Amino acid sequence: MIAIKGYWYDGKTSAQTAALFRVYDNGAIGVERSEDGKVLKMVPGFGISVSPRLAETPRYLYFSTGEKFETEENEAVDRVLERLKRRSWMQAVHHLEKRRLYVFICLTAVLLLMFGAVKFGVPAVSKYIAFRLPPSTAGYAGRQTLEILDKSVFKPSDLDEDVKLRLTNHFQPVIDDHAVYGLNILFRKGGRIGPNAFALPPGTVVFTDEMVKISGHDDEMLAVLVHEAGHEVHRHALRTVIQDSLLSFVLLAITGDITGSSELFLGLPVILTQLSYSRNFEREADDYAVDYLRSHNKPTVHFANLMHRIDKKKKSDSKTSAGEWTGYLSTHPLTEERVNRFEQNQK
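The rules behind the values
- Residues numbered from 1 in each chain as written.
- Predicted model: local features only at pLDDT ≥ 70, side-chain atom pairs only at ≥ 80, totals over all residues.
- Heavy atoms only, no water.
- Helix = DSSP H or I, 4+ residues; strand = E, 2+ residues; numbered from the N terminus.
- Buried < 20%, exposed > 50% of the residue type's maximum accessible area, 1.4 Å probe, protein only.
- Contact = heavy atoms within 4.5 Å.
- Areas by Shrake-Rupley, 256 points an atom, 1.4 Å probe, with all protein chains shown as cover.
- Pairing = 2+ DSSP bridges.
- Salt bridge = Lys/Arg side-chain N within 4 Å of Asp/Glu carboxyl O.
- Axes fitted to C-alpha atoms, helices over the stretch in contact; angles between N-to-C directions.
- Parallel < 35°, antiparallel > 145°, perpendicular 65-115°, else oblique.
- Nonpolar A, V, L, I, M, F, W, Y, C, P; charged D, E, K, R; others polar.
- Patch = residues over 30% accessible without salt bridge, like charges linked within 9 Å, V, L, I, M, F, W, Y side chains within 5 Å.
- Phe/Tyr/Trp six-rings, centres within 6.5 Å; stacked < 30°, edge-to-face > 60°.
- Lys NZ or Arg CZ within 6 Å of the ring centre and 35° of its normal.

**Considerations on the overall build of the protein**
- When its secondary structure is counted, the protein shows 14 helices and 11 strands.
- Per-residue burial for the protein yields a buried fraction of 44% across its 347 residues.
- Long-range contacts, defined as pairs at least 24 residues apart, comprise 60% of the intrachain contacts of the protein with a sequence gap of at least 6.
- Here the protein has roughly 19,000 Å² of accessible surface; of this, 56% comes from carbon and sulfur atoms.

**Regarding the pairing of strand 1 (residues 2–9)**
- As defined by bridge partners, strand 1 adjoins strand 2 (residues 17–23) across seven bridges and the pair is classed as antiparallel. If you follow Ile4 over to strand 2, its bridge partner there is Phe21.
- Alignment of strand 1 against strand 7 (residues 68–71), held across three bridges, turns out to be antiparallel. Its bridge partner lying in strand 7, Tyr9 is registered against Lys68.

**Regarding the environment of Val50**
- With respect to the helices, strands and loops of the structure, Val50 is situated in strand 5 (residues 49–50).
- What makes Val50 partly exposed here is its relative accessible area of 23%.
- The sequence separation of Val50 and Lys68 amounts to 18 residues, and the corresponding C-alpha distance is 9.6 Å.
- With near-sequence residues (within four places) excluded, Val50 lies in contact with Arg59, Tyr60, Leu61, Val77 and Leu81.

**Regarding the pattern of salt bridges**
- Per the counting criterion, the structure on display carries 14 salt bridges.
- Between Asp78 and Arg53 there is a salt bridge; the shortest N-O distance is 2.5 Å. Placement of the pair is Asp78 in helix 1 (residues 74–83) and Arg53 in the loop between strand 5 and strand 6 (59–62), with a sequence separation of 25 residues.
- The buried category is assigned to Arg53, whose relative accessible area is 2%.
- Ionic pairing is found between Arg188 and Asp150, a salt bridge with its closest N-O pair at 2.9 Å. Of this pair, Arg188 sits in strand 9 (residues 184–189) while Asp150 sits in helix 4 (residues 135–152), and the two are 38 residues apart along the sequence.

**Notes on the packing of helix 11 (residues 279–295) against helix 14 (residues 336–344)**
- It is at 10 Å that the axes of helix 11 and helix 14 come closest, and there the two elements cross at 10 degrees. In terms of their interaxial angle, helix 11 and helix 14 are classed as roughly parallel. Here Glu282, Arg283, Asp286, Asp287, Ala289 and Val290 of helix 11 come into contact with helix 14, specifically with Glu337, Arg338, Arg341 and Phe342.
- A breakdown of the residues in the contact of helix 11 with helix 14 according to their chemical character gives three nonpolar, no polar and seven charged.

**Quick notes on a nonpolar patch on the surface**
- A cluster of nonpolar residues, Leu107, Val110, Leu111 and Met114, forms a patch on the protein surface that exposes about 390 Å² of accessible area.
- Among the structural elements, Leu111 can be located in helix 3 (residues 100–130).

**Topic: the packing of aromatic side chains**
- Evaluation of the coordinates by the stated rule reveals eight aromatic pairs.
- Pairing Phe21 with Phe63 gives two aromatic rings, centres 6.4 Å apart and planes at 55 degrees, and the pair type is tilted. Of this pair, Phe21 sits in strand 2 while Phe63 sits in the loop between strand 6 and strand 7, placing them 42 residues apart in sequence.
- A relative accessible area of 1% means that Phe21 is categorised as buried.
- Considering the side-chain rings of Phe171 and Phe207, the 5.4 Å spacing of their centres and the 25 degrees angle between planes classify their relative orientation as stacked. A residue pair is termed long-range when its members are at least 10 positions apart, and Phe171 in helix 5 (residues 161–177) and Phe207 in strand 11 (residues 204–208) qualify at 36 residues.
- Accessibility expressed as a relative area gives 0% for Phe171, which makes it buried.
- Residue Phe207 is classed as buried on the basis of its relative accessible area of 0%.
- Pairwise contacts between aromatic rings join Trp8, Phe21, Phe63 and Phe69 into one cluster.
- Of note, Lys68 hangs over the ring of Tyr9, and the distance from its end group to the ring centre comes to 5.2 Å.

**Comments concerning the sheet that holds strand 8 (residues 155–156)**
- What the four strands build is an open sheet, ordered 8-9-11-10; its pairing is mixed. The outermost strands of the open sheet, each flanked by one partner alone, are strand 8 and strand 10 (197–200).
- The pairing of strand 10 with strand 11 spans four bridges and is classified as antiparallel. Residue pairing across strands places Leu200 opposite Thr204, the latter belonging to strand 11.
- Its contacts with the sheet place helix 5 against strand 9 and strand 11, and it is angled at close to 145 degrees to strand 9.
- Packed on one face of the sheet, helix 7 (residues 218–233) meets strand 9, strand 10 and strand 11 and runs near 35 degrees to strand 10.

Structural data, given as structure tokens:
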């Protein structure tokens, strides 16, 4: 017989009674009040459930009729379970947590898992979601973003209509080649964001007046358009927002409330105007632009020339203004690797 000290709860009130839990050799169970030995419960067999062991926290033995017995004598409970061959997989967890080496190994494994999830899992899931979002959701995100930018950042373009028409006609072959993406060219006065261009889902490409004025050749603008088309083809804007809002997507998946999906895109204007795409996203868009320009016999060096010119303006402006420069190179950082890719692949 094994006797275990603890407390008895009758399942009807919150009263706690000091008691002795006895397991007889034939498997029968008896619970006696410690004060006077009065039998509180007697069952012919061990038909109860036992909570798993977690370090030295109290264990609970639950009766099917609602009563429970609480004890801190974990070793005694383990002996009972071992005798009755009632083992739980949680026992293995208890044995592992008592050994520091195993704890260290488990902690390392968890950290590696977290690192892998953030570095590989989140981008992969974000890409999967971005390419499966319904067009209506992406379109809503783009429209809302443009409305916010028009109210807070942009002003109406003051470019001559002839200039807009000339550029739009020059862009037409690119637009036609991307008909499935519905490219739509818009011009806005950029103000504090200066010479800039970016793609809004699902296919709107915005050029600022400052970008048009700093360009020295229409093919420079075309090269930028193709680069932005690369961002749209690979859905980089959506993927960036989704990566930052993955927790919200998990909640969306749990609740099934598709009406809340638009809230995930409220941060898109900030991302587009203040943050830069990841290096991998820029590389994908650059590779797309280089391949497209070369296949259409367009000099790739035009993109590099425009980037150099914008970089020169950035450095000039930084000398005369203490404010933060938020032009194209802020959202599409210039690197020697990027420029070399366009210069080395020129036609």
